[in-house]
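Breakdown of the fold
These are the residues of each chain, in order.
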Amino acid sequence: MDQGNHLKKIPFILVTGFLGSGKTSLLLDFVRKYSDRMRIALIQNEFAPGHVDGFTLKQTGKPFELLEINNGSVFCACLLGDFISRLEPFIDQHHPDVILLEATGLADPVSLGQVLQAPGLSDKIYLAGSWCLLDALNFQRVIQSISRARHQIRIADVVLINKIDLIHGTSEIRAKILEINPFAKIIETTFGNIDELHLLDLLNFASKKCHPDERRDPVPNHEIPDGNISEPRPNLSSCVVRSTRYFDEGLVRDFILQHSQYLHRLKGYIRIDESNTMAIQTVFTQISITIVSGYEGPCEIIAIGPNLDNREFSKQLLSLKKNENKTH
Amino acid sequence: MKGKDLVLHALKGGQCSTIPWVPFVGVHGGHLIGKNANEYLHSADLMVNGISKAIELYEPDGIPVCFDLQIEAEALGCKLGWADENPPAVLSHPLSGLSNISSLNPISPDQGRIPVVLKATRELRKKYPDIALYGLVTGPFTLGLHLLGTEIFMRMFEDPASIHELLDFTSGVTRSMSKYLLDAGCDIIAVVDPMTSQIGPDQFTEFIHKPVKSVFDDIRQQSKYSSFFVCGHAQQNIDVMCKTGPDNISIDENIPLDFVRNICQGYGISFGGNLQLTLVMLMGTPEDCQRNAVDCMDIAGNIGFILAPGCDLPMKTPIANLKAVGSVIRDSYQQDIIRTLEHKPDKTKILNLGEYGKTDRVIVDIITLDSESCAPCQYMVEAVKEVAPHFEGLVEWHEHSIKNLEGVTFMSSLFVKNIPTICIDGKITFVSQIPPRNELIRAIQSRINEKLKIRLRVKQGEILLLGKSSEEIAPLREKTRQAIAELGVTIEVREETDPLIIQSLGVTQTPALVSVKYKIRSEAGQPGTDVIKEWIKEII
């Protein structure tokens, strides 16, 4: 494996989804298929319901590294302190090529993304993507009753509709997903088994291996050179910005245009007034902005780019807030 | 007004000249006294020590005794997993599967770690009669989730009656726990129910309203006060939360403070929040925290508002960050400075001041907000103005107000962080506090002396003693030393015994003495070749 990879930042992928959606099966499948070709690190919630312990995972007979955290449901940013202090030495010890975190159904993906900006972590890893699994059978009930389920879909790059064999047709589910997240890439699966072409596509998406234009097509061949998913990866960083303010639409558009020149990806939601929100996705210089209504929650933006300066990027974005309702 | 009175005044919706400050110190108290979360949350003595340390460092108006939402769950039979830097996590849910709620008994004050928290409350009450003590209790829905697990969400659809029964039970637990804490000396009960952020207002009204309202009604009947804490994306529920009748609602960074203010004020309820926990309090600088605090205060206003973090402080939140919030909240000048600097241009020019202070005179710069409107700034300027004439033209002083771009540029170039600040010859010398006259004179005099020494040290020339050996040079060395001593000057003396170097100096017989005089011909410039030629001719 490529030892020089130690110096590069490691892609960190969030795997979200409500209990029973098939996250652990997906991880097992991933380990089986790819652990011979890259160093995989998994982070699991030791005490989450449905947790498959290290022993079961090791029965795959494949090499991987496992970090078990015990934050219960990880439902609150205030419970992430221990996560930070344990992740840093884990990375130093194992130098994985990719890290996948299995988050619980109640975990806040944006808080997890923010934590990666902690000193000691931000120079080692970056938030490369978020995959959200849905259980096709229980989708409608979960989506109606749990706001975090909608949040996890909204933040996801890829939404995997699992257990499609148990229902008749996915058009309603697809429509609902796109209503929540107009830019979601939707993949249908059974038993957490993702078609290899799709999985490679996901990995490439996360590792920025190919240009977005190439990414639209199936990966030309099934080969991933040993340990090299990150080979052409420049020194990427991620930045997560959250704000409860309203923003000036024109200034935000200028900002997006300017920053898309160097960013690999930017996605998220920026509120411009009480009822309108900009849903934004850029992939290199391809910019998509849609105005959506009925958005819940604060503005949340995730940006990925080479040598991205977190503080400066946040500061510049936050300076586009509308100056209102202040009572000096 | 300060401390408990201030918190209660704000809690009742009063206007406050100073906004009350309530840092939610949980396991962070353990960090302050070098204990991990497990040790800390098992010992009343450690909690008292940790909270006492927090009170000493952060000067809060109110503080929670303990922030652990698993205490009631543990007392009811949930197994906990412990971490060093977090409160524990619930590992088992006694009601999951087929277990019936009748298998659970109501709690009593001697179960689990409840006595530990009550003991800590009594001791802190005795020790700090003037600080508002918050007793934290787990809200009925979050406690229900602990007992049943995530099944609770599905059961709300499939078997709503069982959830009504569960929440009826858990609200009884919350009421009991509230009473224990109030009897032990708490002033305010905070019902912490973060999981309600996961449901919408209809479900909240159907399932949560009645159980939570019963808790707030009960607290009011005991003539005490209540707050409803929620974290996460709970914006949709603020209105229905108000309808449960708390005295106060406290929220985190996910919800706009002005949104909460507007709704709460409509119900006559006070509100609090929402310092950012992760990016600002945990990972930011003291300046970031102060800016966030001022931003919260500006948005919220000073009627019925309590400044607090969004939730339990992460264990290793830097002490300097919390102290910075504690200091800015009572310092209106510092707040004005932060507001002024917030509007400084993004790309402030940084001047190269590497050569600053190398002039003959001593330059004193005072960086101020504006000496006409900021009292500390005015006193600092007057102090300098008064002593400067005593140095008879040797001292030159300037005020740089950061209300002007020039002032901001100058401040950034000298790396000044606090206002007002005195710099002497570009070096930060007095920060924030007005120096007593004697200290200011001493500092300026010390710089004058330093400059004098530097000038004396500048090499004017040197003496070269040449000989075949050190012994041959010895008599000449002694006479030279005596001559320098008699003149009282400083000049370097070098000895050279290398025949080639001696020869290159044009000396044919030793011992010999060569005097060298240095003369600066050009500095920081590019003289022409002809000019340089003239200088060379003078020495050949």
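Residues numbered from 1 in each chain as written. Chains lettered and ligands numbered in written order. Predicted model: local features only at pLDDT ≥ 70, side-chain atom pairs only at ≥ 80, totals over all residues. Heavy atoms only, no water.

1. Some thoughts on the overall build of chain B
What chain B contains, in helices and strands, is 22 helices and 16 strands. When the 540 residues of chain B are sorted by exposure, 54% land in the buried category. Sequence separation of at least 24 residues holds for 71% of the intrachain contacts in chain B that already meet a minimum separation of 6. Within the structure as shown, chain B displays about 24100 Å² of accessible surface, and the carbon and sulfur contribution to it stands at 52%. (Helix = DSSP H or I, 4+ residues; strand = E, 2+ residues; numbered from the N terminus. Buried < 20%, exposed > 50% of the residue type's maximum accessible area, 1.4 Å probe, protein only. Contact = heavy atoms within 4.5 Å. Areas by Shrake-Rupley, 256 points an atom, 1.4 Å probe, with all protein chains shown as cover.)

2. Things to note about the confidence of the model for chain A
Residue and element names in this part refer to chain A. Mean pLDDT over chain A stands at 78; residues scoring 70 or higher make up 75%. The secondary-structure element of chain A with the lowest mean pLDDT is helix H9 (residues 212-215), recorded at 38, while helix H10 (residues 249-259) shows the highest, at 94. Counted against residues more than four places away or in other chains, residues 1-6, with its pLDDT under 50, gives 16 contacts. Considering only residues more than four positions removed or in separate chains, one finds that residues 208-232, a stretch of pLDDT under 50, has 55 contacts. (pLDDT = per-residue confidence, 0-100.)

3. Side note on the interface of chain B and chain A
In this assembly, 48 residues from chain B lie in contact with 48 residues from chain A. Interface of chain B and chain A: buried area, both sides summed, is about 4200 Å²; carbon and sulfur atoms make up 54% of it. Among the residues of chain B in contact with chain A, Gln-198, His-233 and Met-283 of chain B are the three that bury the most area, contributing 14% of the side total. Applying the counting criterion to the chain B and chain A interface returns three salt bridges. A salt bridge links Glu-158 of chain B to Arg-141 of chain A, with the shortest nitrogen-to-oxygen separation between them at 2.3 Å. At the boundary of chain B and chain A, one finds nine residue pairs in polar contact (both at pLDDT 80 or more). When contributions to the side of chain B that touches chain A are tallied by element, the ones reaching two or more residues are helix H8 (151-158), helix H12 (257-267), helix H13 (277-282), helix H14 (286-300) and helix H16 (332-342) of chain B. Among the elements that take part in the side of chain B that touches chain A, H14 of chain B stands out by supplying five residues, more than any other. Here the residues of the side of chain B that touches chain A sort into 22 nonpolar, 13 polar and 13 charged. (Buried area = accessible area lost by both parts, 1.4 Å probe. Salt bridge = Lys/Arg side-chain N within 4 Å of Asp/Glu carboxyl O. Polar contact = N/O pair within 3.5 Å; in protein donor to acceptor, adjacent residues only side chain to side chain. Nonpolar A, V, L, I, M, F, W, Y, C, P; charged D, E, K, R; others polar.)

4. Re the nonpolar core
Ile-177 of chain A together with Tyr-134 and Leu-307 of chain B are the most contacted members of the largest nonpolar core, which totals 148 residues. The element contributing the most residues to this core is helix H9 (residues 160-184) of chain B, with ten residues. Look past the residues within four positions of Leu-307 of chain B in its chain and what remains in contact with it is Ile-19, Pro-20, Trp-21, Val-22, Gly-273, Leu-275, Ala-293, Cys-296, Val-325 and Ile-329 of chain B. Judged by nonpolar contacts, the second largest core, of 29 residues, contains Ala-103, Ala-107, Leu-121 and Val-240 of chain A. (Core = buried A, V, L, I, M, F, W, Y, C linked by side-chain atoms within 4.5 Å.)

5. Section: the sheet that holds strand E9 (residues 265-271) of chain A
Residues and elements named next belong to chain A. The five strands lie next to each other as E8-E12-E9-E10-E11, forming an open sheet whose pairing is antiparallel. In the strand order of this sheet, the two ends are held by strand E8 (236-243) and strand E11 (286-293), each with one partner. Across the sheet, the mean angle from the axis of one strand to that of its neighbour is 15 degrees, orientation sign disregarded. Strand contacts of H10: E9, strand E10 (276-283) and E11, with the helix running at about 5 degrees to E10, the strand carrying the most contacts. Against the sheet, helix H11 (residues 310-318) contacts E8, E9 and strand E12 (299-306), and its axis sits at roughly 35 degrees relative to E8. (Pairing = 2+ DSSP bridges. Axes fitted to C-alpha atoms, helices over the stretch in contact; angles between N-to-C directions.)

6. Things to note about the sheet that holds strand E4 (residues 98-102) of chain A
All names here are of chain A. Spatial strand order, E3-E2-E4-E1-E5-E6-E7: seven strands in an open sheet with parallel pairing. Edge positions in the sheet fall to strand E3 (65-69) and strand E7 (185-188), since each has one partner strand and no second. On average, each strand axis in the sheet is tilted by 20 degrees relative to the strand beside it, whichever way the strands run. Two strands pair when backbone bridges link them, and strand E2 (residues 40-45) and E4 are joined in this way by four bridges, in the parallel orientation.

7. Focus on the pairing of strand E14 (residues 461-466) of chain B
Residues and elements named next belong to chain B. Extensive coverage of E14 is indicated by the burial of six of its six residues. The pairing of E14 with strand E16 (residues 512-517) spans six bridges and is classified as antiparallel. Residue pairing in the sheet places Glu-462 in a bridge with Val-516 of E16. Sheet analysis places E14 next to strand E15 (residues 492-496), joined by five bridges and oriented parallel.

8. Here we look at unusual backbone geometry
Residue and element names in this part refer to chain B. That bond from Thr-510 to Pro-511 is cis: its omega, -5 degrees, falls within 30 degrees of zero. Summarising the element assignment, Pro-511 is placed in the loop between helix H21 (499-504) and E16. In this structure, Glu-59 is a non-glycine residue whose phi angle is positive, near 45 degrees. A relative accessible area of 46% means that Glu-59 is categorised as partly exposed. Although it is not a glycine, Asp-425 sits at a positive phi angle of roughly 50 degrees. Considering the arrangement of structural elements, one finds Asp-425 in the loop between strand E12 (421-424) and strand E13 (427-431). The class for Asp-425 is buried, based on a relative accessible area of 7%.

9. Observations concerning the packing of aromatic side chains
Residues and elements named next belong to chain B. Applying the stated criterion across every chain, the model contains twelve aromatic pairs over all chains. For the pair Phe-141 and Phe-153, a centre-to-centre distance of 6.0 Å together with 80 degrees between the ring planes defines the contact as edge-to-face. Remark: Phe-153 occurs in helix H8 and Phe-141 occurs in helix H7 (residues 140-148); sequence separation between them is twelve residues. On the accessibility criterion, Phe-141 (0% relative accessible area) is buried. Feature note: the residues Phe-24, Phe-67, Tyr-134 and Phe-229 constitute an aromatic cluster, connected by ring pairs. (Phe/Tyr/Trp six-rings, centres within 6.5 Å; stacked < 30°, edge-to-face > 60°.)

10. Here's the deal with the side chain of Arg-265 of chain A
All names here are of chain A. In this fold, Arg-265 is placed in strand E9. The buried category is assigned to Arg-265, whose relative accessible area is 4%. Within polar-contact distance, the side chain of Arg-265 engages the side chain of Asp-157 at 2.8 Å.

11. Brief notes about the layout of surface pockets
Volume-wise, the second largest pocket comes out at about 470 Å³. In this structure, the second largest pocket is lined by 23 residues; those nearest its centre are Tyr-246, Arg-271 and Glu-274 of chain A together with Gln-235 and Phe-259 of chain B. Elements supplying a minimum of two residues to the lining of the second largest pocket: helix H6 (147-155) of chain A together with H12 of chain B. Take the lining of the second largest pocket: its biggest share by element is four residues, from H6 of chain A. (1 Å grid on protein atoms, 1.4 Å probe; cavity = no way out; pocket = protein on both sides within 12 Å on 5 of 7 lines; lining within 4 Å. Points joined across faces, edges and corners; volume = space filled by probe spheres on them.)

12. Re the packing of H7 of chain B against H9 of chain B
Residue and element names in this part refer to chain B. One way to put it is that H7 packs onto H9 with a least axis distance of 8 Å and a crossing angle of 115 degrees. It follows that H7 is roughly perpendicular to H9 by the angle criterion. When you trace H7 past H9, the crossing you get is right-handed. Taking contact as the criterion, the partners of Pro-140, Phe-141, Leu-143, Gly-144, Leu-147 and Leu-148 in H7 are, on H9, Ile-163, Leu-166, Leu-167, Phe-169, Thr-170, Ser-171, Val-173 and Thr-174. For the contact of H7 with H9, the residue count by class is ten nonpolar, four polar and no charged. (Parallel < 35°, antiparallel > 145°, perpendicular 65-115°, else oblique. Left-handed = near helix turned anticlockwise from the far one by under 90°.)

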